[in-house]
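Spelled out, the chains give:
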Amino acid sequence: MFRRAPVHATLIDVERPLEPLWRGVVVYRVLTLVTVIGVSAFHMTDYASPAGAGLVLAGMTAWTAVLARGYLGEAFEARRGPLALADLVVSAGIMLTTPLIVTDAQLDASAPGMGSIWTSGAVLACAVAYRIPGGVAAAAVISAALVVAKARATLTELNDIQILMLAGLTVGFASLVLRRAAERVRRAVAEEAAAAERERLARAVHDGVLQVLAHVGRRGAELGGAAAKLGALAGEQEVALRTLLTSGNAQVDAEGRRDLAATLRALASGRVSVSAPAHPVELPAATVAELDAVVRAALANVERHVGADAPAWVLVEELDDAVEISVRDDGPGIPAGRLAEAEEQGRLGVSRSMRGRVGDLGGTLDLDTGPGRGTEWTIRIPVGSGQRRESV
Amino acid sequence: MTVTVMVVDDHPIWREGVARDLGERGLEVVATAPDAGAAVRIAPAVRPQVVLMDLNLGETSGVDAIAGIVEKLPDTRVLVLSASGEHADVLEALKAGATGYLVKSASAEELVDAVRRTAAGVPVFTPGLAGLVLGEYRRLAQRPAGEPAVPALTERETEVLRLVAKGLTAKQIGERLVLSHRTVESHVQNTLRKLQLHNRSQLVRYAIEQGLAND
């Protein structure tokens with residue numbers, strides 16, 4: 001039977017994002033080893049010490065095997081950083097055998113020193129392990145070893161140094177980008193898992209607990225007396241639990257924005273009604289936090305001055321160039337002049353702190369109050385075209 | 001005349017509780033259904049005046065059931081009785097043809113009153129619902145130009161809807177705007193009707209685009 005195998009491969013392995021780079025380093029090392037052995041064989045008869053050259057090449061081969069063991073697979077994953085540093089030391093050491101093996105005449109004729117391009121692999125390894133600083137520092141070490149070993153700094157050497165620096169920078173940057181991308185993917189996956197779990201819980205709770213709580217709330221209210229109090233408690237818990245289950249929408253997203261509608265909906269209770277659009281009203285998270293605080297202050301004020309059970313209504317509206325929030329109650333209204341009076345007496349009234357917060361956001365706070373009208377605070381925050389993201 | 005009601009909810013305790021509450025207060029519960037499929041099958045047989053519809057019906061959606069019922073029974077009104085926290089669903093339900101929305105925490109008296117008003121053709125608007133409808137009109141207005149005409153609210157309708165969203169009763173709104181409460185209710189009804197018409201025309205347009213309307 002034909003069955004499609006599940007696909008697990010993604011562009012970036014989230015847990016081990018640098019694996020492709022490490023594999024590349026090993027491949028590079030093996031290919032350059034073969035090249036260096038070939039070039040050295042060509043120069044072998046002219047070397048001051050062909051036996052020494054053979055010994056160094058054997059050492060390079062053995063070290064390449066060690067690196068392959070360390071850089072591939074999971075066995076030594078945690079020790080790759082120190083291994084890359086050891087690699088740097090070994091590579092520089094191999095370069096420093098040059099004066100013992102390669103004659104001055106050979107060097108003058110542009111023959112490579114010992115190790116040659118194979119040693120640049122150490123720069124790549126350090127760049128993968130320690131990003132841009134690692135790559136650049138390792139390039140500096142290998143460049144110094146190059147100049148010391150060959151005891152000259154002609155255009156050829158300067159050219160090599162330039163390429164080493166460039167390689168260190170580029171691979172270091174690639175390492176940085178891969179890590180960041182993996183971190184982002186990991187976070188997105190975690191968020192999705194959390195959302196899926198919340199949804200699963202929400203379904204389970206909806207089918208059981210919430211229904212029973214809502215039912216108890218209703219029956220309690222009908223029975224009256226002590227049962228009514230129990231019913232009211234059950235009703236409050238129902239709203240609280242439901243809000244908890246749906247409050248995932250009020251999280252700050254990757255761009256530092258937060259849904260004002262979902263945030264303020266969390267304030268809904270038996271006495272507070274929150275009206276808002278069905279789509280997210282996204283604003284910078286800091287702005288949303290301030291607005292949340294202002295609305296809470298206004299609601300606390302209703303509770304203090306109108307009554308603990310006094311109903312209040314919050315309306316969130318997206319206008320063309322502003323977001324407007326209204327907090328209203330049906331109380332007796334605030335007598336004219338009382339707010340100003342409170343401020344004059346040095347009592348930092350609600351209005352002062354609310355006005356301060358709204359002012360800091362570049363918005364305005366208006367008060368509409370009077371006997372038979374209740375009290376309505378209107379908070380208006382201008383929203384530039386760059387601030388609001390169109391919801392699709 | 002007794003108002004006939006069908007109760008659609010996936011939870012048996014709740015379904016039976018609501019049916020009994022309505023029955024005790026002089027309404028006639030002619031049927032109950034646990035999911036969208038059953039609701040659409042049963043409704044044409046019993047032809048209730050009002051369908052009391054939960055939106056979260058286990059694996060099925062109340063919104064689909066509303067569309068099915070409204071299509072088969074144009075005289076039947078649908079009142080959504082749902083939990084808070086299902087804002088997008090409530091909006092979809094309204095666009096599909098529901099004429100009111102009540103939260104499950106409402107008392108039995110409020111529920112019976114809402115059912116009677118729904119049967120009489122008066123929309124049942126909570127402040128939360130008004131906020132959703134206002135938001136939807138704003139969203140439609142922000143759509144890029146070039147799209148076929150989207151419905152818009154008149155200034156008066158916007159004013160009325162905002163006051164509903166701020167918790168004022170039809171009577172309070174009437175006093176503030178110097179209107180009769182019937183006029184207020186008809187403004188509210190209009191905002192809903194325009195949204196439903198737009199939804200239907202969009203569905204038809206979609207069907208034509210997809211070549212479904214050729215047969």
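Residues numbered from 1 in each chain as written. Chains lettered and ligands numbered in written order. Predicted model: local features only at pLDDT ≥ 70, side-chain atom pairs only at ≥ 80, totals over all residues.

Asker: Hey, could you run me through the overall build of chain A in this one?
Answerer: If you tally the helices and strands in chain A, you get twelve helices and seven strands. Expressed as a percentage of contacts within chain A between residues at least 6 apart in sequence, the contacts between residues at least 24 apart total 67%. (Helix = DSSP H or I, 4+ residues; strand = E, 2+ residues; numbered from the N terminus. Contact = placed C-beta atoms within 7 Å.)

Asker: Even after reading the chapter, I still don't get the overall build of chain B, so can you show me in this structure?
Answerer: On a plain count of helices and strands, chain B comes out with nine helices and seven strands. Counting contacts in chain B only where the partners sit at least 6 residues apart, residues at least 24 apart contribute 65% of the total.

Asker: Honestly, the sheet that holds strand E5 (residues 322–329) of chain A in this entry has me stumped. Any pointers?
Answerer: Whenever strands of a sheet pair, they do so through backbone hydrogen bonds, lying parallel or antiparallel. Residue and element names in this part refer to chain A. With respect to topology, five strands assemble into an open sheet ordered E2-E4-E5-E7-E6, the strand pairing being mixed. The open sheet terminates on both sides in strands that have one partner only, identified here as strand E2 (272–275) and strand E6 (364–370). For this sheet, the mean inter-axis angle between neighbouring strands, taken without regard to orientation, is 15°. Across four bridges, the pairing between E2 and strand E4 (residues 312–318) is parallel. Residue pairing across strands places valine 272 opposite alanine 312, the latter belonging to E4. The strands touched by helix H10 (residues 285–305) are E2, E4, E5 and strand E7 (374–382); relative to E5, the strand with the most contacts, the crossing angle is about 15°. (Pairing = 2+ DSSP bridges. Axes fitted to C-alpha atoms, helices over the stretch in contact; angles between N-to-C directions.)

Asker: Help me out: how do you make sense of the sheet that holds strand E6 (residues 77–82) of chain B in this one?
Answerer: All names here are of chain B. The parallel open sheet is built from five strands, whose spatial order is E2-E1-E3-E6-E7. Since the sheet does not close on itself, it has two edges, and those belong to strand E2 (28–33) and strand E7 (100–103), each with one partner. Ignoring which end each strand starts from, the neighbouring axes of this sheet average 25° apart. Looking at chain direction, strand E1 (residues 4–8) and E2 are connected through five bridges and run parallel. The residue of E2 that forms the bridge with methionine 6 is alanine 31. Taken strand by strand, helix H2 (residues 36–46) contacts E1, E2 and strand E3 (50–53), and its axis lies near 150° from that of E2. Where helix H3 (residues 62–72) meets the sheet, its contacts fall on E1, E3 and E6, and the angle it forms with E3 comes to roughly 170°.

Asker: Would you take a moment to explain the UniProt feature "transmembrane region" (unreviewed entry) in chain A for this structure?
Answerer: In this structure's numbering, the residues bearing the UniProt feature "transmembrane region" (unreviewed entry) are residues 26–45, 51–72, 84–102, 122–149 and 161–178 of chain A. End C-alpha to end C-alpha, residues 51–72 of chain A measures 32 Å, and it is 95% helix and 0% strand. (UniProt positions renumbered as here; feature names shortened; annotations may be inferred.)

Asker: Honestly, helix H2 (residues 50–71) of chain A in this entry has me stumped. Any pointers?
Answerer: Helical geometry note: an α-helix holds 3.6 residues per turn, so side chains three or four residues apart project in the same direction. Residues and elements named next belong to chain A. Helix length check: H2 (22 residues) gives 31 Å between terminal C-alpha atoms against 32 Å at 1.5 Å per residue, within 8%. For H2, the set of buried residues is Ala53, Val56, Leu57, Met60, Trp63, Leu67, Gly70 and Tyr71. For H2, the buried positions fall inside an angular range of 140° around the axis, keeping them on one side. Among the exposed residues of H2, those oriented more than 90 degrees off its buried face are Ala51, Ala58 and Ala62. Close packing links the buried residues of H2 with helix H1 (19–43), helix H3 (80–95) and helix H4 (98–101). Positive backbone phi, approximately 75°, marks glycine 73, located one or two places after H2. (Expected span 1.5 Å × (residues − 1). Buried ≥ 20, exposed ≤ 12 C-beta atoms within 10 Å, placed from the backbone. Arc of directions from axis to C-beta.)

Asker: Please explain the packing of H2 of chain B against H3 of chain B as it appears in this structure.
Answerer: Helix-helix packing: each pair is described by the crossing angle between the helix axes and the interaxial distance. Residues and elements named next belong to chain B. Relative to each other, H2 and H3 sit at 15°, their axes nearing to 8 Å. Judged by the angle between their axes, H2 and H3 are roughly parallel. Crossing angle aside, the handedness with which H2 passes H3 is right-handed. For the pair H2 and H3, contact is made by Ala36, Ala39, Val40, Ala43 and Pro44 and by Gly62, Asp64, Ala65, Gly68, Ile69 and Lys72, respectively. For the contact of H2 with H3, the residue count by class is seven nonpolar, two polar and two charged. (Parallel < 35°, antiparallel > 145°, perpendicular 65-115°, else oblique. Left-handed = near helix turned anticlockwise from the far one by under 90°. Nonpolar A, V, L, I, M, F, W, Y, C, P; charged D, E, K, R; others polar.)

Asker: Explanation requested: the interface of chain B and chain A in the structure shown.
Answerer: Interfaces are often described in size by the accessible area the parts lose on coming together. Listed by partner, the interface residues are 29 residues for chain B and 32 residues for chain A. For the side of chain B that touches chain A, the elements supplying multiple residues, two or more each, are helix H1 (12–24), helix H4 (87–96) and helix H6 (127–141) of chain B. It is H6 of chain B that provides the largest number of residues to the side of chain B that touches chain A, a total of ten residues.

Asker: Which parts of the structure should I look at to understand H1 of chain A?
Answerer: Residue and element names in this part refer to chain A. In this model, H1 (25 residues) spans 36 Å end to end at C-alpha, consistent with the 36 Å of a helix rising 1.5 Å per residue. Of the positions making up H1, those classed as buried are Trp22, Val25, Arg29, Leu33, Val36 and Ser40. The inward-facing, buried residues of H1 contact H2 and helix H6 (120–150).

Asker: So what exactly am I meant to see when it comes to the packing of H4 of chain B against H6 of chain B here?
Answerer: Residue and element names in this part refer to chain B. Closest axis-to-axis distance for the H4/H6 pair is 10 Å, and the angle between their directions is 75°. Relative to H6, the element H4 lies roughly perpendicular. Judged by residue contacts, His87, Val90 and Leu91 of H4 engage Leu129, Leu132 and Glu136 from H6. Considering only residue class, the contact of H4 with H6 consists of four nonpolar, one polar and one charged.

Asker: Even after reading the chapter, I still don't get the confidence of the model for chain B, so can you show me in this structure?
Answerer: Close inspection of predicted coordinates is inappropriate for parts of the model with low pLDDT. Here chain B shows a mean pLDDT of 86. Residues at 70 or above account for 93%. Here the prediction assigns the complex a pTM of 0.62, and the interface score ipTM is 0.85. (pLDDT = per-residue confidence, 0-100.)

Asker: Quick question: what am I supposed to make of the nonpolar core here?
Answerer: The nonpolar side chains of a soluble globular protein tend to be buried with one another. By size, the foremost hydrophobic cluster in this structure holds 99 residues, and its most contacted members are Val314 of chain A together with Leu52, Met53, Ile66 and Leu79 of chain B. Looking at this core, the element that brings in the most residues is H10 of chain A, giving seven residues. The contact partners of methionine 53 of chain B, leaving out residues within four places of it in the chain, are Val8, Gly62, Ala65, Ile66, Val78, Leu79, Val80, Leu81 and Ala98 of chain B. (Core = buried A, V, L, I, M, F, W, Y, C linked by C-beta atoms within 7 Å.)

Asker: What is the right way to look at the UniProt feature "modified residue: 4-aspartylphosphate" (unreviewed entry) in chain B in this model?
Answerer: Residues and elements named next belong to chain B. The feature "modified residue: 4-aspartylphosphate" (unreviewed entry), as annotated in UniProt, sits at Asp54 in this numbering. Checked against the element boundaries, aspartate 54 lands in the loop between E3 and strand E4 (56–57). For aspartate 54, a count of 26 C-beta atoms within 10 Å translates into the label buried. With near-sequence residues (within four places) excluded, aspartate 54 lies in contact with Val8, Asp9, Asp10, Gly62, Leu81 and Ser82.

Asker: What exactly am I supposed to notice about unusual backbone geometry here?
Answerer: What you tend to see is this: most non-glycine residues have negative phi, and most peptide bonds are trans. Phi is positive for arginine 131 of chain A, close to 55°, though the residue is something other than glycine. Tracing the sequence through the fold places arginine 131 of chain A in helix H6. Taking the C-beta count within 10 Å as the criterion, arginine 131 of chain A has 20 such neighbours and is therefore assigned buried. Phi is positive for arginine 47 of chain B, which is not a glycine, with a value near 40°. Residue arginine 47 of chain B is classed as partly exposed on the basis of its C-beta count, with 14 C-beta atoms lying within 10 Å.

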